[in-house]
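# Working through the structure, step by step
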Amino acid sequence: DAKTTQPPSMDCAEGRAANLPCNHSTISGNEYVYWYRQIHSQGPQYIIHGLKNNETNEMASLIITEDRKSSTLILPHATLRDTAVYYCIVRAQGGSEKLVFGKGTKLTVNP
Amino acid sequence: DSGVTQTPKHLITATGQRVTLRCSPRSGDLSVYWYQQSLDQGLQFLIQYYNGEERAKGNILERFSAQQFPDLHSELNLSSLELGDSALYFCASSDRGGGQGTQYFGPGTRLLVL
């Protein structure tokens, strides 16, 4: 599975959009981009995933660049409860079963 | 609530002991995954079972073993415990055996070895 690079930490004001970047320059054509978050030692929570088209669900939007070498997770109106570590994971369809977690981005939403 | 349940929530035991962690997957999910999260190693994949059969293995120690039962619940057995085994243990489940299904995580079991 491809390696991802994320900034170690980010801050965001409550009510503003949080844009979390992820670089995955060695991504292959059959690899999906997954986002999870972990709120203070709770179980990782699935947020969203995509292959090449932009995706949106009730939690967030995922924007993948045309060359697929990077992506951005957007939380449109961040709240204090969105403070968490966000993990960007690249995973091949039909490939390794496991999720490979890096260090993620610690997002702090400030009042 | 992901629908994945894990028991117990907390476990305190002594070195050399053996413990069993239990996981019930979401209804209908056939795959169960175990992960370990320690302070220095982050979240690491241990092992996966699909419909009762071992499917994939990570860096799981020989002192650790797992199984998945006919009702699809899974147990992770940790024996000859050492201080370094203190960690959070998460179970996840998905509805597919291949690398396609989204994994949903349980709340975890916090193990403290004294």
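To keep things clear, this report deals only with the structure shown in the data block. Just so it is clear, the structure is predicted and the values come from calculations on it, not from any experiment.

## Topic: the pattern of salt bridges
Residues and elements named next belong to chain B.
- For the structure shown, the criterion picks out four salt bridges over all chains.
- For the salt bridge of Asp 29 with Arg 26, the shortest nitrogen-to-oxygen distance reads 2.7 Å.
- Two residues, Arg 63 and Glu 82, come together in a salt bridge whose shortest N-O distance is 3.7 Å. With Arg 63 in the loop between strand 6 (53-57) and strand 7 (64-68) and Glu 82 in the loop between strand 8 (74-78) and strand 9 (87-94), this residue pair connects regions lying 19 residues apart in the sequence.
- For Glu 82, a relative accessible area of 44% puts it in the partly exposed group.
- Taken together, the shared-partner salt bridges connect Arg 63, Glu 82 and Asp 85 into one network.

## What about the sheet that holds strand 2 (residues 18-23) of chain A?
Residue and element names in this part refer to chain A.
- One open sheet holds the four strands; their spatial order is 2-7-6-5, and the pairing between them is antiparallel. The sheet is open, and its two edges are formed by strand 2 and strand 5 (55-56), each paired on a single side.
- Sheet analysis places strand 6 (residues 61-64) next to strand 7 (residues 70-75), joined by four bridges and oriented antiparallel. Bridging from a neighbouring strand, Ser 61 pairs with Ile 74 of strand 7.

## Here's the deal with the interface of chain A and chain B
- Taken together, the contact between chain A and chain B spans 20 residues of the former and 22 residues of the latter.
- In total, chain A and chain B occlude about 1,600 Å² of area from one another, counting both sides; carbon and sulfur atoms represent 53% of this.
- Its largest share of buried area at the contact with chain B, chain A owes to Pro 44, Glu 97 and Phe 101 of chain A, together 33% of the area lost on that side.
- The interface formed by chain A and chain B includes zero salt bridges.
- Taken together, the links from chain A to chain B amount to three residue pairs in polar contact (both at pLDDT 80 or more).

## Here we look at the sheet that holds strand 8 (residues 84-92) of chain A
All names here are of chain A.
- Sheet architecture is open: five strands sit in the order 1-9-8-3-4, paired in mixed fashion. Both edges of this open sheet fall to strand 1 (9-13) and strand 4 (45-50), since each of them pairs with a single strand only. Across this sheet, the average inter-strand angle for adjacent strands is 25°, counted without regard to direction.
- Of the strand pairs in this sheet, strand 3 (residues 31-38) and strand 8 are connected by eight bridges, and their pairing is antiparallel. The residue of strand 8 that forms the bridge with Tyr 34 is Ile 89.

What counts and how
Residues numbered from 1 in each chain as written. Chains lettered and ligands numbered in written order. Predicted model: local features only at pLDDT ≥ 70, side-chain atom pairs only at ≥ 80, totals over all residues. Heavy atoms only, no water. Salt bridge = Lys/Arg side-chain N within 4 Å of Asp/Glu carboxyl O. Helix = DSSP H or I, 4+ residues; strand = E, 2+ residues; numbered from the N terminus. Buried < 20%, exposed > 50% of the residue type's maximum accessible area, 1.4 Å probe, protein only. Pairing = 2+ DSSP bridges. Contact = heavy atoms within 4.5 Å. Buried area = accessible area lost by both parts, 1.4 Å probe. Polar contact = N/O pair within 3.5 Å; in protein donor to acceptor, adjacent residues only side chain to side chain. Axes fitted to C-alpha atoms, helices over the stretch in contact; angles between N-to-C directions.

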